[in-house]
Amino acid sequence: MNSKKRKFLSFFSLGVLGFLTYGVFKNLSSLSSPPPKKVMVLFEEIEKAKDILFKENFIVIKTGTNFKVFSRKCPHLGCLLSYSLEEGLIVCPCHQSKFNLYGKFLSGPAKKDLTTLNYRLTYQGLEVEVF
Ligand code: FES
């Protein structure tokens, strides 16, 4: 076999190998991420919390007749966010990032808005998809 053919075959083999490796890893990564967990939040709970409800993994905020649902993980390094009553803001206790009630980043090292979670309205409340 001449050297041009050998080079071509080695490039071709690398391309095929790369393609197959990509396919395997892509499928493995989709298998490793479980489907979102669905958590029910009753309208009564939101009302009792005066329209800002902090659950274990997410935050529900009632804005008029609508709802906003955010992940409770800080977009900086994942600390659990809390609410500052004095400031009326969502704050991170770890490095003091701050967000408004629409999930918009205001200050601190996070530099990103809060992650919005999907939900479905039901007769009794919200069915939130938690990752
Ligand atoms: S983890 Fe929230 S600001 Fe760093």
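The structure reproduced in this document is the subject of the present report.

Cut-offs applied
Residues numbered from 1 in each chain as written. Predicted model: local features only at pLDDT ≥ 70, side-chain atom pairs only at ≥ 80, totals over all residues. Heavy atoms only, no water. Helix = DSSP H or I, 4+ residues; strand = E, 2+ residues; numbered from the N terminus. Buried < 20%, exposed > 50% of the residue type's maximum accessible area, 1.4 Å probe, protein only. Polar contact = N/O pair within 3.5 Å; in protein donor to acceptor, adjacent residues only side chain to side chain. Contact = heavy atoms within 4.5 Å. Core = buried A, V, L, I, M, F, W, Y, C linked by side-chain atoms within 4.5 Å. Pairing = 2+ DSSP bridges. Axes fitted to C-alpha atoms, helices over the stretch in contact; angles between N-to-C directions.

**Details of unusual backbone geometry**
Okay, so step 1: A positive phi angle, near 75°, is found at D51, a position not held by glycine.
Okay, so step 2: For D51, the location among the structural elements is in the loop between helix 2 (43-48) and strand 2 (52-54).

**What to know about the side chain of S71**
Okay, so step 1: Secondary-structure assignment places S71 in strand 4 (residues 66-71).
Okay, so step 2: For S71, a relative accessible area of 13% gives the class buried.
Okay, so step 3: Looking at S71, its side chain comes within polar contact range of the main-chain nitrogen of K73, at 3.1 Å.
Okay, so step 4: Discounting residues that sit within four places of it in the chain, S71 has contacts with N57, F58, I59, L81, T115 and L117.

**A word on the environment of G64**
Okay, so step 1: Residue placement: G64 occurs in the loop between strand 3 (58-63) and strand 4.
Okay, so step 2: Owing to a relative accessible area of 58%, G64 belongs among the exposed residues under this scheme.

**As for the nonpolar core**
Okay, so step 1: The biggest cluster of nonpolar side chains holds 12 residues, and these are I52, I59, I61, F70, C74, C79, L81, I90, C92, F99, A110 and L114.
Okay, so step 2: If we skip the residues at most four places from it in the chain, C92 touches C74, C79, L81 and S97.
Okay, so step 3: One finds V41, I46, V60 and L117 within the second-largest nonpolar core, a separate group that totals 11 residues.

**Observations concerning the sheet that holds strand 10 (residues 125-130)**
Within a sheet, adjacent strands bond to each other through the backbone by hydrogen bonds, running parallel or antiparallel.
Okay, so step 1: With respect to topology, three strands assemble into an open sheet ordered 1-10-9, the strand pairing being antiparallel. Each of the sheet's edge strands pairs with one partner strand only, and the pair in question is strand 1 (37-42) and strand 9 (119-121). The mean inter-strand angle of the sheet, taken between neighbouring strand axes irrespective of direction, is 20°.
Okay, so step 2: Here six bridges tie strand 1 to strand 10, and the two strands are oriented antiparallel to one another. Residue pairing in the sheet places V41 in a bridge with L126 of strand 10.

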